[in-house]
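What follows is each chain in one-letter form.
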Amino acid sequence: VWFKRDLRLQDHAPLYRAALAGPVIALIIVEPAYWRGPDTSGRQWRFWRSCIADLAQAIAERGGRLCLRMGDAVAELEALRHEIGPFTLWAHEETGNGFTFARDLAVRRWARAQGVRFVELRQFGVIRGRGLNRDRWAAMWDAMMEEPVLPVPPSTWQSASGRDALPGAAALGLASDEVSAMPAAGRAAALATLESFLFERGEHYTRAMSSPLSAPDACSRLSWHLAYGSISVREVWQATRNRYAALPVEARDWRQALRSFMARLHWHCHFIQKLESEPEAEFRPFARRYEGLRPAADPARLALWAQGRTGYPFLDAVMRALQATGWATFRMRAMLMSFAAYDLWLPWQEAVPDAGR
């Protein structure tokens, strides 16, 4: 089972299916080429690294050992094939950036050439390939989220050679970019964050989600955990639905807040679906007639924007908060990118990596 951005044992379809089929190797591949990308950062690596450590501990508690490998994904999978012989490769579908898209295509080519069965299963409410029906997308999303949450399967763990420890950020060429309030990583932290939102912090979510002053407390703060998969969207959906169903009619603020939040869980997958359906949207406008509309970015303007030094106080404050904490509410993210693209006339393709880091 190739773990990527799905670092959990619960509600993990590839792990569940693989465990039913036979012994399981839990595989992590650290790809240095990915971490050399323009939209990666030390803070991202530290969080992912902590999630991997948490996953390794969970596997160890069940008698297994996480197989850690570092290098090109195809090369590491081929080395594993030589070591253990034929296997089925199980993984979640991933809608990432241009690097992960090209890597997954390369892995599929390798699997076909070597006769390796490569099974990818859905993680989010995102439809890949010809199964997409835009008129039925919402209904298909709802149906997936209402499926039972998969338990941790009883597994026979198989070992394979690998690294004893994960590299530090410096070993991957990542600069130190400490954040003042990076959330705790891992499964327990994700569950605690969800619990505090549903029962303590989320009552005024609907009207507090937009302001950078109120949003840090009123929003779910699950984005890091969903991005790296220490909790599934289905788990979040069902916990929210159950909390909503248990609320009395008089709890109007809570009921409105949770309805708003459930709508935004749809949005989460809706926007991933756009990139899944058109991967070129990372680099090209949806409306091709706008290609070349903007000249190359003015380096001075781009730097001032990225540093929060444009002279527009509200915008600069939001950018500096993003730098310091690694988080900004969605309306503030939209404002930052709109200002870069329209007011500063920067190509959005050149501004995105700075915000992404």
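As shown above, the structure is provided for reference.
Residues numbered from 1 in each chain as written. Predicted model: local features only at pLDDT ≥ 70, side-chain atom pairs only at ≥ 80, totals over all residues. Heavy atoms only, no water.

Caption draft 1: Here's a closer look at the state of the cysteines. Inspection of the entire model under this criterion finds 0 disulfides. Cys51 supplies the cysteine sulfur nearest to Cys67, a cysteine that is in no disulfide, at a spacing of 19 Å. The closest cysteine sulfur to the non-disulfide-bonded Cys269 is located on Cys219, 18 Å from its own sulfur. (Disulfide = S-S within 2.5 Å.)

Caption draft 2: Structural view of a nonpolar patch on the surface. The grouping of Tyr290, Leu293, Tyr342 and Trp345 at the surface amounts to a nonpolar patch, some 470 Å² of accessible area in total. Looking at the element boundaries, Leu293 is found in the loop between helix H12 (252-277) and helix H13 (299-307). (Patch = residues over 30% accessible without salt bridge, like charges linked within 9 Å, V, L, I, M, F, W, Y side chains within 5 Å. Areas by Shrake-Rupley, 256 points an atom, 1.4 Å probe, with all protein chains shown as cover. Salt bridge = Lys/Arg side-chain N within 4 Å of Asp/Glu carboxyl O. Helix = DSSP H or I, 4+ residues; strand = E, 2+ residues; numbered from the N terminus.)

Caption draft 3: Fine view of the side chain of Glu235. Mapped onto the secondary structure, Glu235 falls in helix H11 (residues 233-246). A distance of 2.5 Å separates the side chain of Glu235 from the side chain of Arg187, its partner in a polar contact. Within the local environment of Glu235, its side chain forms a polar contact with the backbone nitrogen of Ser232, the two atoms lying 2.9 Å apart. Beyond its immediate stretch of four places on either side in the chain, Glu235 contacts Arg8, Gln10, Asp11, Val149 and Arg187. (Polar contact = N/O pair within 3.5 Å; in protein donor to acceptor, adjacent residues only side chain to side chain. Contact = heavy atoms within 4.5 Å.)

Caption draft 4: Focus on the pairing of strand S4 (residues 88-92). Most of S4 is tucked away: 4 of the 5 residues are buried. In this sheet, strand S5 (residues 117-121) lies alongside S4 in parallel orientation, the contact comprising 5 bridges. Following the sheet pairing, Leu89 is matched in S5 by Phe118. Between the parallel elements S4 and S5, the chain passes through helix H5 (residues 98-114) in a crossover that is right-handed. (Buried < 20%, exposed > 50% of the residue type's maximum accessible area, 1.4 Å probe, protein only. Pairing = 2+ DSSP bridges. Right-handed = clockwise from strand over helix to strand, strands pointing away.)

Caption draft 5: View of the packing of aromatic side chains. Following the criterion strictly, the structure yields 15 aromatic pairs and no others. Judged by centre distance (5.0 Å) and plane angle (90°), the ring pair of Tyr34 and Trp35 falls under edge-to-face. A residue is classified by how much of its surface remains accessible, and Tyr34, at 12% relative accessible area, is buried. Considering the side-chain rings of Trp267 and Phe330, the 6.2 Å spacing of their centres and the 80° angle between planes classify their relative orientation as edge-to-face. Placement of the pair is Trp267 in helix H12 and Phe330 in helix H15 (residues 330-343), with a sequence separation of 63 residues. Given the relative accessible area of 27%, Phe330 is considered partly exposed. What links up through ring pairs into an aromatic cluster is the set Tyr34, Trp35, Trp45, Trp48 and Phe99. In this arrangement the basic side chain of Arg221 is found over the ring face of Trp327, its NZ or CZ atom lying 4.0 Å from the centre. It is Arg294 that lies over the ring of Trp345; its NZ or CZ is 4.2 Å from the centre. (Phe/Tyr/Trp six-rings, centres within 6.5 Å; stacked < 30°, edge-to-face > 60°. Lys NZ or Arg CZ within 6 Å of the ring centre and 35° of its normal.)

Caption draft 6: Structural view of the side chain of Ser220. With respect to the helices and strands, Ser220 occurs in the loop between helix H9 (215-218) and helix H10 (223-228). Setting aside residues up to four positions removed in sequence, Ser220 forms contacts with Thr193, Phe197, Arg201 and Phe261.

Caption draft 7: Representation of the pairing of strand S2 (residues 27-30). Burial of the side chains of S2 extends over both faces: Leu27 and Ile29 are buried on one face and Ile28 and Val30 on the other. By the bridge criterion, 2 bridges tie strand S1 (residues 2-3) to S2 in an arrangement that is parallel. Across the sheet, Trp2 pairs through a bridge with Leu27, a residue of S2.

Caption draft 8: Main features of the pattern of salt bridges. As enumerated under the stated definition, the model contains 24 salt bridges in all. Across the pair Arg187 and Glu235 runs a salt bridge whose closest N-O atoms are separated by 2.5 Å. In this pair, Arg187 is assigned in helix H7 (residues 187-201) and Glu235 in helix H11, connecting sequence segments 48 residues apart. Of the two residues, Arg187 and Glu235, neither departs from the other in class, the shared state being buried. Of the charged contacts in the structure, one is a salt bridge between Arg207 and Asp253, with a shortest N-O distance of 3.7 Å.

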